[in-house]
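Tertiary structure, described
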Amino acid sequence: MQWHVKRKNEFYYKKAKELGYRSRSAFKLLEIQEKFRIIKRGDRVLDLGAAPGGWSQVAANIVGDNGMIIGVDVQPAPNIGKNFRFILADVTKENSEGKIAKACTTFDVVLSDMSPQTTGIKDIDVGVSNVLAFKSLHLTKIFLKAGGNFACKIFQGKYFVAFLSEAKEYFEKIHSFKPKSSDKASREVYIVCLGLKEHVQKDSE
Ligand SMILES: C[S@@+](CC[C@H](N)C(=O)[O-])C[C@H]1O[C@@H](n2cnc3c(N)ncnc32)[C@H](O)[C@@H]1O
């Protein structure tokens, strides 16, 4: 790892510890929120790839006691508060939809910070990330209310443009955003999608 990347990681690691966030990733959602205001007080938020819980903490603070966060991950995550519920599930498996639906059937916001356990083999890592991003988009079509917002991590690669054009079909506006707290060298980028179009939910029923 290059020295400046290591130094930046250490900076966010220390800052996360100081502020009580469970991950450095928390700062990426804080930056997304500051720029696009995707989450509001009282919202119900679906957080895909929630472990160890940094994004859920940020979202839980914004939605407050009248809101709710449902976190989903293949790895266990600790409880982060009374407006948080965790579902242990692999989103690529069919039964994940049923597990989410049991907890809540409509959300105001869907977040996905899912990423694969990286192998170091670029084509594999990018490929798996793209599968996870498309799966998030699919779940968004099922669970997001009309007018709702979606933010999703994706590694730039072969299917990146296809992902953007599918997202453009479903949302009023989309933005590609690279937070300052994300490694410059990493291929990850966040696609922030605002305002799910009315027809999308009906079409996926
Ligand atoms: C970068 S971490 C998320 C960090 C989290 N946003 C935070 O702030 O604490 C990526 C997560 O995606 C999860 N993940 C990867 N593949 C998954 C899958 N198929 N289903 C559910 N979660 C998955 C991993 O287990 C990992 O916890």
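Above this text is the structure in question.
The secondary structure content of the protein chain amounts to seven helices and seven strands. In the protein chain, the succession of helices and strands from N to C terminus is α-α-β-α-β-β-α-β-α-β-α-β-β-α. In terms of overall dimensions, the protein chain is globule-like: its C-alpha atoms have a radius of gyration of 16 Å, near the 17 Å expected for 205 residues. Per-residue burial over the protein chain gives 49% buried out of 205 residues. When contacts within the protein chain are restricted to residue pairs at least 6 apart in sequence, those whose partners lie at least 24 apart make up 63%. For the protein chain, the accessible area works out to roughly 10,700 Å², and carbon and sulfur atoms hold 51% of it. Positive and negative side-chain charges of the protein chain, numbering 33 and 23 respectively, have mean locations separated by a distance of 5 Å.

Turning next to the packing of aromatic side chains. For the structure shown, the criterion picks out eight aromatic pairs. Between Phe11 and Tyr12 the ring centres are 5.0 Å apart and the planes differ by 80 degrees, which places this aromatic pair in the edge-to-face class. A relative accessible area of 12% places Tyr12 in the buried class. Each ring, one from Tyr21 and one from Phe27, has its centre 5.8 Å from the other, and the planes form 85 degrees; the classification is edge-to-face. Each member of the pair, Tyr21 as well as Phe27, carries the same accessibility label: buried.

Let us look at the sheet that holds strand E7 (residues 188-196). The sheet built from seven strands is open, its strands ordered E3-E2-E1-E4-E5-E7-E6 with mixed pairing. Unpaired on one side and paired on the other, strand E3 (84-88) and strand E6 (171-177) mark the two borders of the sheet. Each neighbouring strand pair of the sheet contributes to a mean axis angle of 15 degrees, computed without reference to strand direction. Of the strand pairs in this sheet, strand E4 (residues 107-112) and strand E5 (residues 144-155) are connected by five bridges, and their pairing is parallel. By the bridge assignment for E5, Val109 is matched with Asn149. Against the sheet, helix H6 (residues 160-170) contacts E5, E6 and E7, and its axis sits at roughly 145 degrees relative to E6.

What follows covers the site of the ligand. If you check the shell around the ligand, you find 21 residues, and the closest are Ser23, Gly54, Asp73, Asp90 and Asp113. The separation between an oxygen atom of the ligand and a polar side-chain atom of Ser23 is 2.7 Å. At 2.9 Å, a backbone N or O of Trp55 approaches an oxygen atom of the ligand. Computed on the free molecule, the ligand has an accessible area of 600 Å², of which 88% lies beneath the protein chains in the complex. Across the shell around the ligand, the residue classes break down as nine nonpolar, eight polar and four charged.

Rules behind the numbers
Residues numbered from 1 in each chain as written. Predicted model: local features only at pLDDT ≥ 70, side-chain atom pairs only at ≥ 80, totals over all residues. Heavy atoms only, no water. Helix = DSSP H or I, 4+ residues; strand = E, 2+ residues; numbered from the N terminus. Rg over C-alpha atoms; globule rule 2.2 N^0.38 Å. Buried < 20%, exposed > 50% of the residue type's maximum accessible area, 1.4 Å probe, protein only. Contact = heavy atoms within 4.5 Å. Areas by Shrake-Rupley, 256 points an atom, 1.4 Å probe, with all protein chains shown as cover. Lys, Arg positive; Asp, Glu negative; His and termini not counted. Charge placed at Lys NZ, Arg CZ, Asp CG, Glu CD. Phe/Tyr/Trp six-rings, centres within 6.5 Å; stacked < 30°, edge-to-face > 60°. Pairing = 2+ DSSP bridges. Axes fitted to C-alpha atoms, helices over the stretch in contact; angles between N-to-C directions. Near = heavy atom within 4 Å. Polar contact = N/O pair within 3.5 Å; in protein donor to acceptor, adjacent residues only side chain to side chain. Nonpolar A, V, L, I, M, F, W, Y, C, P; charged D, E, K, R; others polar.

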